[in-house]
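A closer look at the structure
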Amino acid sequence: MRYWKVIVLAAIVILGIGTYYIQNAFASPDYPEFHLEKVSGDEGVVDGLIFMGSYIDNYKEFGEDVRITPEDTIYQSERSYFDNMTEGFQDSTIKRLQSDYRKFMRGKNESSSSFFEDDKRLIYADTFGKESDEGFKIEMLDKETNETTDWQVEIPENNINYLNVVDVQGDEKDVFITTRNYYTHNPNEPETEEGYHVYRINIENGSLIGDEVIYENKVDHSDKGWTDLMEVKNGTDIGKEDYFVFRLDHMKEVGEYDEYNDYETYYKTDSSDFFAYHFGTNELKELKIPNERLGADKTAYVHEGVVYFLNQTKSGFEFIRYQLDDGELNTMEVPTTLDLNEGNATITFHDGKMFIPVSSEEGTNLFVIDEKTGKLVYEGKMSADRELENVSLDFYEIAFE
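Fair warning: this is a prediction, and the values are worked out from it, not measured in the lab. (Residues numbered from 1 in each chain as written. Predicted model: local features only at pLDDT ≥ 70, side-chain atom pairs only at ≥ 80, totals over all residues. Heavy atoms only, no water.)

**Quick look at the sheet that holds strand S2 (residues 49-57)**
One open sheet holds the four strands; their spatial order is S4-S3-S2-S26, and the pairing between them is antiparallel. With one partner strand each, in any of the chains shown, strand S4 (73-75) and strand S26 (391-400) form the two edges of the open sheet. Between one strand axis and the next, the sheet turns through 25° on average, direction left out of account. Both strand S3 (residues 62-68) and S4 contribute to a ladder of three bridges, which runs antiparallel. Looking across to S4, one finds that Val66 is bridged to Tyr75. (Pairing = 2+ DSSP bridges. Helix = DSSP H or I, 4+ residues; strand = E, 2+ residues; numbered from the N terminus. Axes fitted to C-alpha atoms, helices over the stretch in contact; angles between N-to-C directions.)

**A closer look at the pairing of strand S20 (residues 316-323)**
For S20, the buried fraction is high: six of the eight residues fall into the buried class. Where strand S19 (residues 306-313) and S20 come together, eight bridges link them in antiparallel fashion. Bridge pairing links Thr313 to Gly316 in S20. Where S20 folds back on strand S21 (residues 329-335), the antiparallel hairpin that results is connected by five residues, among which Gly327 adopts a positive phi of roughly 75°. (Buried < 20%, exposed > 50% of the residue type's maximum accessible area, 1.4 Å probe, protein only.)

**Quick look at the packing of aromatic side chains**
Overall, the coordinates contain 21 aromatic pairs when judged by the stated rule. Look at Phe176 and Phe279: their rings are 5.5 Å apart centre to centre, the planes differ by 45°, and that puts the pair in the tilted class. One end of the pair, Phe176, is in strand S10 (residues 174-183); the other, Phe279, is in the loop between strand S16 (262-278) and strand S17 (283-287), and 103 residues separate them in sequence. Here Phe176 and Phe279 have matching classes, each one buried. Relative to Phe309, the ring of Phe274 lies with its centre 4.9 Å away and its plane at 85°, an arrangement referred to as edge-to-face. Placement of Phe274 in strand S16 and of Phe309 in strand S19 is noted, with a sequence separation of 35 residues between them. For Phe309, a relative accessible area of 0% translates into the label buried. The side chain of Lys108 reaches across the aromatic face of Phe104, ending 4.3 Å from its centre. Looking at Lys108, its charged tip hangs above the ring of Tyr124, at a distance of 5.4 Å from the centre. (Phe/Tyr/Trp six-rings, centres within 6.5 Å; stacked < 30°, edge-to-face > 60°. Lys NZ or Arg CZ within 6 Å of the ring centre and 35° of its normal.)

**Some words on the environment of Glu304**
Along the chain, the position of Glu304 falls in the loop between strand S18 (299-303) and S19. Through-space distance from the C-alpha of Glu304 to that of Tyr243 is 8.8 Å; in sequence the pair is 61 residues apart. Beyond its immediate chain neighbours, meaning those up to four positions away, Glu304 contacts Thr236, Glu241 and Glu371. (Contact = heavy atoms within 4.5 Å.)

**Describing the pattern of salt bridges**
Scanning the entire structure with this criterion turns up 11 salt bridges. Of the charged contacts in the structure, one is a salt bridge between Arg96 and Glu117, with a shortest N-O distance of 2.7 Å. In this pair, Arg96 is assigned in helix H3 (residues 92-100) and Glu117 in strand S5 (residues 115-117), connecting sequence segments 21 residues apart. On the basis of relative accessible area, Arg96 is assigned to the partly exposed category, the value being 34%. Given a relative accessible area of 14%, Glu117 falls into the buried group. Linked by salt bridges that have partners in common, Arg96, Glu117 and Lys143 make up one network. (Salt bridge = Lys/Arg side-chain N within 4 Å of Asp/Glu carboxyl O.)

**Focus: the confidence of the model for the protein**
When pLDDT is averaged across the protein, the result is 82; 79% of the residues are at 70 or more. Helix H2 (residues 81-86) is the least confidently modelled element of the protein, averaging 51 in pLDDT, while S5 averages 97, the highest of any element. Confidence drops under a pLDDT of 50 for residues 20-28, and excluding neighbours within four residues, the segment shows 10 contacts in the predicted structure. (pLDDT = per-residue confidence, 0-100.)

**Concerning H3**
Among all positions of H3, only Thr93, Ile94 and Leu97 are buried. Down the axis of H3, the buried side of the element spans an arc of 95°, and every buried residue falls inside it. (Arc of directions from axis to C-beta.)

**Some words on a negative patch on the surface**
Together, Glu33, Glu71, Asp72, Glu78 and Glu401 make up a region of like negative charge exposed at the surface. Mapped onto the secondary structure, Glu78 falls in the loop between S4 and H2. Glu78 sits in the partly exposed class, given a relative accessible area of 47%. (Patch = residues over 30% accessible without salt bridge, like charges linked within 9 Å, V, L, I, M, F, W, Y side chains within 5 Å. Areas by Shrake-Rupley, 256 points an atom, 1.4 Å probe, with all protein chains shown as cover. Lys, Arg positive; Asp, Glu negative; His and termini not counted. Charge placed at Lys NZ, Arg CZ, Asp CG, Glu CD.)

**Section: the sheet that holds S18**
Taking strand neighbours across the sheet as the criterion, the five strands line up as S14-S18-S19-S20-S21 in an open arrangement whose pairing is mixed. Whereas interior strands pair on both sides, the edge strands pair on one side only; in this sheet they are strand S14 (233-234) and S21. Bridge count for S20 against S21 is seven bridges, and the pairing is antiparallel. Residue pairing in the sheet places Arg321 in a bridge with Asn330 of S21.

**A short note on the pairing of strand S24 (residues 363-370)**
Counted residue by residue, S24 has six buried out of eight residues, so it is predominantly covered. Sheet topology places strand S23 (residues 353-360) next to S24; eight bridges connect them, and they run antiparallel. The residue of S24 that forms the bridge with Ser360 is Gly363. The hairpin turn running from S23 into S24, its antiparallel successor, is two residues long. Here S24 runs beside strand S25 (residues 376-384); their pairing, made up of five bridges, is antiparallel. Opposite Asn365, over in S25, you have Lys381 as the bridge partner. Between S24 and S25, which pair antiparallel and follow one another directly, the connecting turn spans five residues, one of which, Gly374, has a positive phi of 80°.

If you want it as structure tokens, here you go:
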């Protein structure tokens, strides 16, 4: 009788796991297998390519996460209970770091924006504090010696309500932590402001040697509109970038709509401004790009000192390349015979190429484009092992084995 609680707990766990597998066995449909079929170009550029996204059956009104490798198609319901509990379809960068640096990664959050990596080091930065964030905890792994150095760095005399780490960079001497801060200048005033800061921490002694307010935006949600900040995606993932690039959206009231007789105001982005901050010089500059040149969703990536703007049209793609060092602006066009669906295309940068999965009425295709010349080097199509109707694939990440 002394062990009855343990026995009951074990029975509950076994019953729960058993129920999970029984439900999956009855509920899981016969899913199709997918593979990437070459349309044109050099098939070698997609060796080891892995797709992660959602499989959507519009007839049956359900969707499910899916992972497509060169060897297999794996749906979430087909994975083990423990795999879904511990990993799910995890960010490929975090998964790689946990595999390569298991001890260092223990106990860390799984946001890639908190990491920086080069050939010699892996650096992690997160916030600490109680009611408000008061500083950073930083750990640095030396890949050659396998030794870890850690610091806690306080932010002195701050009235921060909340801050969020959005980017970590490093050079030989310093760590640069870019944050989005919410704070009040006067604790007695309810109005808060938001802005971007870059904190510079010396690697040798872990001291805070710089706090640059690179942009400050008053959160003023007036009746007619407001401005909002958005980070531009880092195409190098957790690798080195000399610039932090962000967007300022000017939101404008355009009317009202009836949500079950409860009228709500509708806003849209009226215009956008882009800015780039250089970590080495502490300089902030505005990118001179006419709004009419950008697509409706203003998809942008910063990669190796260049900002890429992607416009997806019915006839293909248009890339606007903005060189951050000198402001040079040029356009690359990639035509296609597909009738592309309007939507937010994603870019993955790898080995000097851009990998872009897009959907059309004919299915889902992959375009691989040389990032310097704009030349289409490969086109592939997702093919299934059977005829499918009203089914779509929506990919949110591409990775390489």
